[in-house]
Amino acid sequence: MSSTIAELDSRRAAARAGGGQKRVDAQHAKGKLTARERLDVLLDEGSFEELDMFVEHNCTDFGMQDQVVPGDGVVTGSGTINGRLVFVFSQDFTVFGGSLSERHAQKICKIMDMAMKVGAPVIGINDSGGARIQEGVASLGGYAEVFQRNVLASGVVPQLSLIMGPCAGGAVYSPAMTDFIFMVKDSSYMFVTGPDVVKTVTNEVVTQEALGGAVTHTTKTSVADVAFENDVEALLAARDFIDFLPSSNREGVPSRPTGDAWDRAEPSLDTLIPASASQPYDMHELIAKVVDEGDFFEIQPAHGANIICGFGRVEGRTIGVVANQPMVLAGVLDINSSRKAARFVRFCDAFEIPIVTFVDVPGFLPGTAQEHNGIIKHGAKLLFAYAEATVPKITVITRKAYGGAYDVMASKHLRGDLNYAWPTAEIAVMGAKGAVEIIFRGRTADEIAERTAEYEARFANPFVAASKGFIDEVIQPHSTRRRIALGLRKLRGKALENPWKKHDNIPL
C-alpha cells in the first residue's frame, strides 16, 4: 500500500512540475505567474479540486510519443470564490507552450460540461501558443469542441476569459464568445494572424502589442473589457467581478449584507446638473452616490466612454447600470457606445440582472463616418436589446433626452417599468434652438429668440412627458437611491415573457 501511495505522490509531483523548473523560471522572468500560481490567487485558499491531472496526449507523430507530460498543458477543475462554486481551466505555457491538443481540449470540455450541469460560472485562463501543430486536424477539432460549448453555455452560465499570454489564430474565438475578457498589459496578446504574417501578406510592420495587445483591445477594438497591469491585479479583479454575477440563469442575483441605508439621501445630487445646458458633469458621481458604498465595477471604461456600463449593488443585490456620460462627446450615442451598451444589456437580461439606466443624451452622433459605418444598424442593436429585455428596468432622465435617443434609452415605450425624471430633464424631439429654426424658418433673430424661449418653457422640462404618462414621476435628485431601491423591491416578482420563438434576429 505504501508503495502505491508513494507512486501517486510521485505522479502528482511530476504533474505539478509542469514543463520543469527552467521553463517555470522563464515564465517568471516575463513577469507572469504559472498556471497553478494563477489558480492559487484566483480561488479561495485550499478550495481547488483538480480533475484530469494525469491526462496525457495521444500523439505518436514527429517523436511526440517520447515527449509526454502529465496534464498535457492545462490545469482544470473547480474551486470557490468567496465561497461560491466556479469551474476553471488554466493553460500551462511551460508545457508545449500551452498548445492545445485533442486531450487538452477534452479536459476543458469536461469542466465546461460539468459547469452547465450544475449551474456555475466558467473562468478560463488563456496562455497558449495555439493549436499543437504535431496533431494537425485533431487539435483543430479540439478547438471546435470548445467553441461549441462556449455557444451552448452562452446565457446559461457566466463565462469569463483571462488572457495572460499569447492567444492567437483559432484560439481567439473561444474567448471572443465568452461574456467578458480581461487582459494584462504588455504580456497578453490576441490576434487572428501575428505580426510576421501581417507583414508577409500586407507589408504592414506592426508589433504584437500594437496589433493585439491589451491596450489595443480595450480602447480600439472592444474585443476585451478591461486591461490590468499584471497577473495578480487581473486575478484579484476577477474575484471581485464574479461576486456580482449570478451562478447561472437558474439563480437570482447574489446578495450580500450592506450597511448602506437603502433610503440614504444625497443632497449633493440636487446641484449636480450645471446651470448651462452645454456644460458637462461626470455621470460617475451619480452612479457612485446611488449604488451601495460607491462600489461600481465598470466594463470597457476605455472604449465608447460616452456611455458607462457596469455592475453595482442596491440593498446588497446586483444591478446593471447603463448611463450616458456627458463628459465624453456630450453623451451622444454613436456606433461604439451603442454596440457596447447593447451587449451589456443583453447579458443582464440573460441572467436576470435588473437594469438601471441614467439618461442624458442629446441624440445620435451625426456625420458621414457614422452613417457610412452603419450607425443605423448599430444603434438598432441597443434599441433591440432594451426592447427585448424582460428584466426589471428603471430609468432616470437627469437632463437631455432628445429625439430617437430618448426612445432607445429604456423609455416607457420599450416596456420600461419605472421611468423617472429629475426636474432638470428636457424631453423633446430636439434642442429648442434647432427645433425653432426649423419650425419658424425665415423669421428674424428676435422672433427666433422669442420662440426659442417659448419652446424651452413648453418642452425643455419633464412635465409634458409626465402629463402623457411617459414619465411615472418627477423626483427630487437627492431621493434617487431611495426611489431605485423601492422600485427594485417592487419589481422582484416581475413576470414578463416575450412571444415564443426559436431565437430572435438582432441586427448584428
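Structure shown above.
Below, the structure is looked at part by part. Owing to the predicted nature of the structure, the values given are computational and were not obtained by experimental measurement.

**Let's talk about a nonpolar patch on the surface**
A cluster of nonpolar side chains, Val429, Met430, Ile438 and Ile439, forms an exposed patch at the surface whose accessible area comes to about 380 Å². Taking relative accessible area as the criterion, Ile439 reaches 54% and is therefore assigned exposed.

**Points about the pattern of salt bridges**
What the rule picks out here adds up to 24 salt bridges. Put simply, Arg38 and Asp231 hold a salt bridge, and the shortest N to O gap is 3.0 Å. Separated by 193 residues along the polypeptide, Arg38 in helix H3 (residues 35-42) and Asp231 in helix H10 (residues 231-242) bring together distant segments of the chain. For the pair Arg38 and Asp231, one class covers both residues: buried. Asp295 serves as the salt-bridge partner of Arg256, at 3.6 Å between the closest nitrogen and oxygen. Within this pair, whereas Arg256 is found in the loop between H10 and helix H11 (283-290), its partner Asp295 is found in the loop between H11 and strand E10 (297-299), the two being separated by 39 residues in sequence. Relative accessible area serves as the criterion here: at 36%, Arg256 is assigned to the partly exposed category. Taken together, the shared-partner salt bridges connect Asp260, Arg264, Glu266, Asp292 and Arg481 into one network.

**Here we look at the layout of surface pockets**
Each pocket or cavity is described by its volume, and for the largest pocket that value is around 1400 Å³. Along its surface, the largest pocket is lined by 36 residues, and Ser154, Asp179, Arg343, Arg346 and Phe347 are the ones closest to its centre. Elements with a contribution of two residues or more to the lining of the largest pocket: helix H6 (173-176), strand E7 (180-184), helix H12 (335-350) and helix H14 (375-388). Residue composition of the lining of the largest pocket, by class: 17 nonpolar, 9 polar and 10 charged. Taken as a whole, the second largest pocket holds about 350 Å³ of empty space. Around the second largest pocket, the lining is made up of 15 residues, and of these Glu388, Asn498, Lys501, His503 and Asp504 lie nearest the centre.

**Focus on the packing of helix H16 (residues 432-439) against helix H17 (residues 445-459)**
Close contact between H16 and H17 brings their axes to 9 Å; oriented N to C, the two are set at 125 degrees. Of the possible angle classes, the one that applies to H16 and H17 is oblique. Where H16 crosses over H17, the two elements pack in a sense that is right-handed. Together, Ala432, Lys433, Ala435, Val436, Glu437 and Ile439 of H16 and Ile448, Arg451, Thr452, Tyr455 and Glu456 of H17 make up the contact between the two elements. Class assignment of the residues belonging to the contact of H16 with H17 gives a composition of 6 nonpolar, 1 polar and 4 charged.

**Quick notes on H3**
Residues Ala35, Arg36, Arg38, Leu39 and Leu42 constitute the buried set of H3. Taken around the axis of H3, the buried residues stretch over an arc of 155 degrees, which confines them to a single face.

**Some points on the pairing of strand E14 (residues 393-402)**
When a strand is regular, its side chains alternate between the sheet's two faces. The buried fraction of E14 amounts to 10 of the 10 residues, a majority that puts the element mostly inside the structure. Relative to E14, strand E13 (residues 355-361) is paired through 6 bridges, and the arrangement is parallel. Each residue of the ladder has a partner; that of Thr357, found in E14, is Thr395. Direction of pairing for E14 relative to strand E15 (residues 418-421): parallel, over a ladder of 4 bridges. Residue pairing for E15: Ile394 is matched across the bridge by Leu418. Note that the unit made of E14, helix H15 (residues 403-408) and E15 has a crossover that is right-handed. Where E14 meets strand E16 (residues 426-428), 3 bridges bridge the pair, whose relative direction is parallel. Bridged to Lys400 within E16 is Glu426.

Thresholds, definitions, all that
Residues numbered from 1 in each chain as written. Predicted model: local features only at pLDDT ≥ 70, side-chain atom pairs only at ≥ 80, totals over all residues. Heavy atoms only, no water. Patch = residues over 30% accessible without salt bridge, like charges linked within 9 Å, V, L, I, M, F, W, Y side chains within 5 Å. Areas by Shrake-Rupley, 256 points an atom, 1.4 Å probe, with all protein chains shown as cover. Salt bridge = Lys/Arg side-chain N within 4 Å of Asp/Glu carboxyl O. Buried < 20%, exposed > 50% of the residue type's maximum accessible area, 1.4 Å probe, protein only. Helix = DSSP H or I, 4+ residues; strand = E, 2+ residues; numbered from the N terminus. 1 Å grid on protein atoms, 1.4 Å probe; cavity = no way out; pocket = protein on both sides within 12 Å on 5 of 7 lines; lining within 4 Å. Points joined across faces, edges and corners; volume = space filled by probe spheres on them. Nonpolar A, V, L, I, M, F, W, Y, C, P; charged D, E, K, R; others polar. Axes fitted to C-alpha atoms, helices over the stretch in contact; angles between N-to-C directions. Parallel < 35°, antiparallel > 145°, perpendicular 65-115°, else oblique. Left-handed = near helix turned anticlockwise from the far one by under 90°. Contact = heavy atoms within 4.5 Å. Arc of directions from axis to C-beta. Pairing = 2+ DSSP bridges. Right-handed = clockwise from strand over helix to strand, strands pointing away.

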